[in-house]
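# Residue-level structure breakdown
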Amino acid sequence: MSLRRILTTLAVSLLSSATAWSGEWAKLSEDGVHDPRGPAIGLLQQPGDALSNLPGDGAGNQVHWIKALRSGVIRPRPNIDPAREDRRLDKDIYLDLYGSMPSVRFPHLAHTEWLDCTNCHDQLFLPKRGANGISMFLILQGQQCGVCHGAVAFPLTECSRCHSVRNHIAQRIVAELEAEEARKAAGGGSKEAGSADAPRGAPAKPPKDARGGAR
Ligand code: HEC
Ligand code: HEC
Ligand code: HEC
């Protein structure tokens, strides 16, 4: 899809959005969400009191949450259920290698420090590179990455936080990764007799429409 169509969609969605932050956190009584006459309004902590001590950001709710996490200012509990395993994955996925914009680096780590695998797999995304037909148009409609970005994570106006890697560099990284996977597939196939997982490394580029039917 064209850049112009994306920018038009974005402009329309920005104009129609209700709350625009303008350098300060609205008081709860004025945020258009809380009932100013409700009894809780005097008890709840004001966003400005809670958020102003965290690393700032010009967009969204004005907190740079990744900086807050990395600097240790906040330490989110990995799980409410202590028995449950804390699953993290340090694996970047590169998307949009040949578009008009810089390529997108999706960092699994920055996500799995807050989220469980099941927040995304398999409802939002199949855990398979290239299998989800990810597109900016759908993201702007609030699907895919847009389920969270623009809602609970930094907004879609921050193009360069996603489109962060120059195309030729992303292309090289992916080419190396695919070569590595092909080597492993070939090596694993010959060493382990009758290897059950031989097909796993096989297709470097899975079909685009592997999502199957609706859930
Ligand atoms: C939350 C992450 C995220 C943000 C923020 C984001 N994009 Fe994207 N964008 C993506 C992903 C993911 C794709 C699809 C990658 C693919 O084609 O496989 C994409 C694809 C695109 C494409 C189509 C492919 C291309 O490069 O021509 C355009 C154009 C685009 N984005 C423009 C923008 C613009 C302009 C902004 C800011 C106003 C923006 N994006 C913000 C994640 C994002
Ligand atoms: C915030 C969403 C999100 C979370 C949380 C998440 N993933 Fe993913 N995962 C993705 C996306 C997006 C892709 C790429 C899909 C594509 O290219 O179409 C992906 C791809 C994968 C792949 C395929 C990698 C490859 O090279 O083919 C695996 C395996 C995977 N994820 C495992 C996990 C595991 C294990 C966890 C939890 C520790 C996890 N993911 C958490 C979004 C997520
Ligand atoms: C289930 C919710 C969810 C989905 C889906 C999701 N994200 Fe995120 N993402 C987050 C949260 C939460 C953060 C951390 C808070 C923040 O930065 O606003 C984050 C942070 C990021 C960061 C910042 C990493 C850093 O080191 O600064 C990038 C880049 C990003 N997401 C890209 C994507 C892309 C691209 C997709 C789609 C392929 C996507 N996200 C889908 C929730 C999500």
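Please refer to the structure higher up on the page.
Residues numbered from 1 in each chain as written. Chains lettered and ligands numbered in written order. Predicted model: local features only at pLDDT ≥ 70, side-chain atom pairs only at ≥ 80, totals over all residues.

### Side note on the site of ligand 2
The immediate surroundings of ligand 2 are formed by 21 residues, with Cys117, Cys120, Pro127, Arg129 and Asn132 found nearest. Going through the elements one at a time, α4 (108-112) and α5 (117-120) are the ones with two or more residues in the shell around ligand 2. Taken together, the residues that form the shell around ligand 2 break down as ten nonpolar, seven polar and four charged. (Near = placed C-beta within 6 Å. Helix = DSSP H or I, 4+ residues; strand = E, 2+ residues; numbered from the N terminus. Nonpolar A, V, L, I, M, F, W, Y, C, P; charged D, E, K, R; others polar.)

### Quick look at the site of ligand 3
Taken together, 23 residues form the shell around ligand 3, and within it Trp65, Ala110, Cys145, Cys148 and Ala153 come nearest. For the shell around ligand 3, the secondary-structure elements that each account for two or more residues are α3 (65-70), β2 (103-107), α4, α5 and α7 (159-162). The element contributing the most residues to the shell around ligand 3 is β2, with three residues. Partitioning the shell around ligand 3 into residue classes produces 18 nonpolar, four polar and one charged.

### Examining unusual backbone geometry
With an omega dihedral of 0°, the bond running from histidine 121 to aspartate 122 counts as a cis peptide bond. Residue placement: aspartate 122 occurs in the loop between α5 and α6 (136-140). Here glutamine 62, not a glycine, exhibits a phi torsion of approximately 65°, which is positive. Within the fold, glutamine 62 resides in the loop between α2 (47-51) and α3. With 19 C-beta atoms packed within 10 Å, glutamine 62 lands in the partly exposed category. Its identity as a non-glycine residue notwithstanding, aspartate 96 has a phi of 60°, on the positive side. Looking at the secondary structure, you find aspartate 96 in the loop between β1 (92-95) and β2. For aspartate 96, a count of 19 C-beta atoms within 10 Å puts it in the partly exposed group. (Buried ≥ 20, exposed ≤ 12 C-beta atoms within 10 Å, placed from the backbone.)

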